[in-house]
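Structural characterization, general
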Amino acid sequence: QVQLVESGGGLVQAGGSLRLSCAASGRTVSRYAMGWFRQAPGKEREFVAAISRDGGSTMFADSVKGRFTVSRDNAKNTAYLQMNSLKPEDTAVYHCSVRVTGRFPSSDRREYDYWGQGTQVTVSS
């Protein structure tokens, strides 16, 4: 079992920045790809970013490319999502996830096995 706890969300003005953290426990996640997804009210959960187990490969949704970066510190069993130039449309609950059953990062939420409860990000205009 893997437990994931996100933190770092909050209220920020458009153009601002936030850094989300995802702390894992119960099992070391250094062997697994990790992903970030978000869900706005009334919408499906959508892919944001993902990172390979060694951090050498990343992928991003088109909507956040050039604004968001993803990283991880395997020694701390933690992943991060740095969000810059935030827009009101980035408002959502952000969830981190772990893909135990595959080696590579994926944009398909069905391929992730463990999920955190999420942290709210609200961007005001």
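You'll find the structure just up there.
This section reports on the structure supplied with the text. Small disclaimer: the values here were computed from a predicted structure and weren't measured.

Scanning the chain for helices and strands turns up zero helices and eleven strands. The linear arrangement of helices and strands in the chain, starting from the amino end, is β-β-β-β-β-β-β-β-β-β-β. Taken against the 2.2 N^0.38 rule, which gives 14 Å for 125 residues, the C-alpha radius of gyration of the chain at 13 Å falls within 12% of a compact globule. Taking all 125 residues of the chain together, 45% fall into the buried category. Considering only intrachain contacts with a sequence separation of at least 6, the fraction spanning at least 24 residues in the chain is 58%. Just so you have it, the chain exposes about 6,300 Å², and 45% of that area is on carbon and sulfur atoms. Seen as two clouds, the 16 positive and the 11 negative side-chain charges of the chain have centres 4 Å apart.

What follows covers the packing of aromatic side chains. Per the stated rule, a full pass over the model turns up four aromatic pairs. Members of the aromatic cluster, connected to one another through ring pairs, are Phe-37, Phe-47, Tyr-112 and Trp-115. We note Arg-45 situated over the ring of Trp-115; from NZ or CZ to the ring centre the distance is 4.9 Å.

Applying the stated rule across the entire model yields one disulfide. One disulfide bridge connects Cys-22 with Cys-96, the sulfur atoms lying 1.9 Å from each other. Here the S-S torsion is close to 55 degrees, and the disulfide linking Cys-22 with Cys-96 is therefore right-handed. Remark: Cys-96 occurs in strand β9 (residues 92–99) and Cys-22 occurs in strand β3 (residues 18–25); sequence separation between them is 74 residues. Relative accessible area serves as the criterion here: at 0%, Cys-22 is assigned to the buried category.

Parameters and conventions
- Position numbers for residues start from 1 in each chain and track the written sequence from start to end.
- Selection of residues for local features in this predicted model requires a pLDDT of at least 70, selection of side-chain atom pairs for listing and counting requires 80 or more, and totals for whole chains, interfaces and linings are taken over all residues.
- Remark: hydrogens and water are excluded; side-chain values derive from all non-hydrogen atoms of the structure.
- Going along the chain from the N terminus, every DSSP run of H or I of four or more residues is numbered as a helix, and every run of E of two or more is numbered as a strand.
- Restricting the calculation to C-alpha atoms gives the radius of gyration, and the globule rule supplies 2.2 Å times the number of residues raised to the power 0.38.
- We call a residue buried when its accessible area falls under 20% of the maximum for its residue type, exposed when it is over 50%, and partly exposed in between, using a 1.4 Å probe and counting protein chains only.
- Throughout, a residue-residue contact means that at least one pair of heavy atoms, one from each residue, lies within 4.5 Å.
- Accessible surface is estimated by sampling points in the Shrake-Rupley manner with a 1.4 Å probe; for residues, cover comes only from the protein chains shown.
- Positive: Lys, Arg. Negative: Asp, Glu. His and the chain ends are not part of the count.
- Positions of charges follow a simple convention, taking NZ of Lys, CZ of Arg, CG of Asp or CD of Glu.
- Pairing of aromatic side chains here covers Phe, Tyr and the six-membered ring of Trp, requires ring centres within 6.5 Å, and sorts the geometry by plane angle: under 30 degrees stacked, over 60 edge-to-face, intermediate tilted.
- Only lysine NZ and arginine CZ atoms are considered, and such an atom sits over a ring when it is within 6 Å of the ring centre and within 35 degrees of the ring normal.
- Any pair of cysteine sulfurs within 2.5 Å is marked as a disulfide.

The quantities given are spatial measurements derived from coordinates; they are silent on function.
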